[in-house]
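Next come the chains, spelled out residue by residue.
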Amino acid sequence: HMGIGGTLPEEIGLHLRYLALLHLNSNRFRGRIPLSISYTTLPFLYELDLSNNLFTGPFPSVLLTLPSLAYLDIRFNGFSGTLPAALFTKEKLDAIFVNDNLFTGPIPENLGSSPVSVVVFARNSLAGGIPDSVSQMADTLVETIFLGNGLTGCVPGGFGELHELNVLDISFNNLSGVIPPSISRLRKVEQLNVADNLLSGPIPAD
């Protein structure tokens, strides 16, 4: 929150071997993420917040080499291109925020392989459907937000398997078909938003 500008130097990942938390959010950093932020230089980094800056380029895949990464926040930047499937195979990740960027293309089909409790895709230009594999996140997923993309297809019936889910927002997309009856099994859900889609049919009675 200091309005610091410029690019991040390669040195940021070369002399901070024991760094565990790195928060550079709400500044004016631009350009791409240094390749020095990697598993060889920052093996203990588990929380990385680069949000609210001016970073551009494709998803910074070098971050996926960080062995201890549990919290990744790159929202409100200018990252573009597709989301890599490897993002959802990181075994220690607990939170992913990629919202408010310029990402395009489909959400990788292996979304359900992720162990995260929170994943937010909001306000990108993602297309295609919500992967059916989301049902595999039943034991971990607490909050997921898809709003404001160009997602199409049906609402996955597998959402009903997410028994730990508190927040589900699929609003402002182009999803069609009915609201699956399995949604009524979300006993812990506190916020459910399906507005501004192309849905039809009855609302599940329960």
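Residues numbered from 1 in each chain as written. Predicted model: local features only at pLDDT ≥ 70, side-chain atom pairs only at ≥ 80, totals over all residues. Heavy atoms only, no water.

**Considering the sheet that holds strand E7 (residues 78-81)**
Piece 1. Taken together, 6 strands build an open sheet; the order of strands is E1-E3-E5-E7-E9-E11 and the sheet is parallel. With partners counted over all chains shown, the strands left at the sheet margins are strand E1 (5-7) and strand E11 (125-127), one partner each. Sheet twist, expressed as the mean angle between neighbouring strand axes with direction ignored, is 20°.
Piece 2. The sheet contact formed by E1 and strand E3 (residues 28-31) spans 3 bridges and is parallel. Across the sheet, threonine 7 pairs through a bridge with arginine 30, a residue of E3. (Pairing = 2+ DSSP bridges. Helix = DSSP H or I, 4+ residues; strand = E, 2+ residues; numbered from the N terminus. Axes fitted to C-alpha atoms, helices over the stretch in contact; angles between N-to-C directions.)

**Section: the nonpolar core**
Piece 1. Formed by 52 residues in total, the largest nonpolar core has its most connected members in Phe121 and Phe159.
Piece 2. Apart from the residues lying within four places of it in its own chain, the contact partners of phenylalanine 159 are Ile130, Val134, Phe146, Leu168, Ile170, Ile183 and Leu186.
Piece 3. Grouped together as the second largest cluster of nonpolar side chains are 8 residues, Phe97, Val118, Val120 and Val167 included. (Core = buried A, V, L, I, M, F, W, Y, C linked by side-chain atoms within 4.5 Å. Buried < 20%, exposed > 50% of the residue type's maximum accessible area, 1.4 Å probe, protein only. Contact = heavy atoms within 4.5 Å.)

**A look at the sheet that holds strand E6 (residues 71-73)**
Piece 1. Strand order in the open sheet made by the 8 strands is E2-E4-E6-E8-E10-E12-E13-E15, with parallel pairing throughout. If you trace the sheet from one side to the other, it starts and ends with strand E2 (21-23) and strand E15 (191-193), each paired once. The mean angle between the axes of side-by-side strands here comes to 10°, regardless of whether they run parallel or antiparallel.
Piece 2. The sheet contact formed by strand E10 (residues 118-120) and strand E12 (residues 143-145) spans 3 bridges and is parallel. By the bridge assignment, valine 118 is partnered in E12 with glutamate 143.

**Section: the pattern of salt bridges**
Piece 1. Per the stated rule, a full pass over the model turns up 4 salt bridges.
Piece 2. In this structure, aspartate 73 and arginine 75 form a salt bridge, with 2.9 Å as the shortest nitrogen-oxygen distance.
Piece 3. The closest approach of N and O atoms between aspartate 100 and arginine 123, which form a salt bridge, is 2.8 Å. Here aspartate 100, found in the loop between strand E8 (95-97) and strand E9 (102-106), pairs with arginine 123, found in the loop between E10 and E11; they are 23 residues apart in sequence, far enough to count as distant. (Salt bridge = Lys/Arg side-chain N within 4 Å of Asp/Glu carboxyl O.)

**Let's talk about the packing of aromatic side chains**
Piece 1. Inspection of every chain in the model, using the stated rule, returns 8 aromatic pairs.
Piece 2. Ring geometry for phenylalanine 59 against phenylalanine 103: centres 6.3 Å apart, planes inclined by 45°, an arrangement best described as tilted. Placement of the pair is phenylalanine 59 in the loop between strand E5 (54-58) and E6 and phenylalanine 103 in strand E9, with a sequence separation of 44 residues. Side by side, phenylalanine 59 and phenylalanine 103 carry an identical accessibility label, which is buried.
Piece 3. The interplanar angle of 20° and the centroid separation of 5.3 Å between the aromatic rings of phenylalanine 121 and phenylalanine 146 together place this pair among those described as stacked. Note that phenylalanine 121 is positioned in the loop between E10 and E11 and phenylalanine 146 in the loop between E12 and strand E13 (167-169), a separation of 25 residues in sequence.
Piece 4. Using a relative accessible area of 0% as the deciding quantity, one classes phenylalanine 146 as buried.
Piece 5. Taken together, the aromatic side chains of Phe88, Phe121, Phe146 and Phe159 make up a single cluster linked through ring pairs. (Phe/Tyr/Trp six-rings, centres within 6.5 Å; stacked < 30°, edge-to-face > 60°.)

**Some words on the pairing of E3**
Piece 1. Relative to E5, E3 runs parallel, the two being bridged by 2 bridges. Its bridge partner being in E5, glycine 31 is matched across the sheet by phenylalanine 55.

**Points about the environment of phenylalanine 59**
Piece 1. For phenylalanine 59, a relative accessible area of 5% puts it in the buried group.
Piece 2. C-alpha separation for the pair phenylalanine 59 and cysteine 154, spaced 95 residues apart in sequence, amounts to 27 Å.

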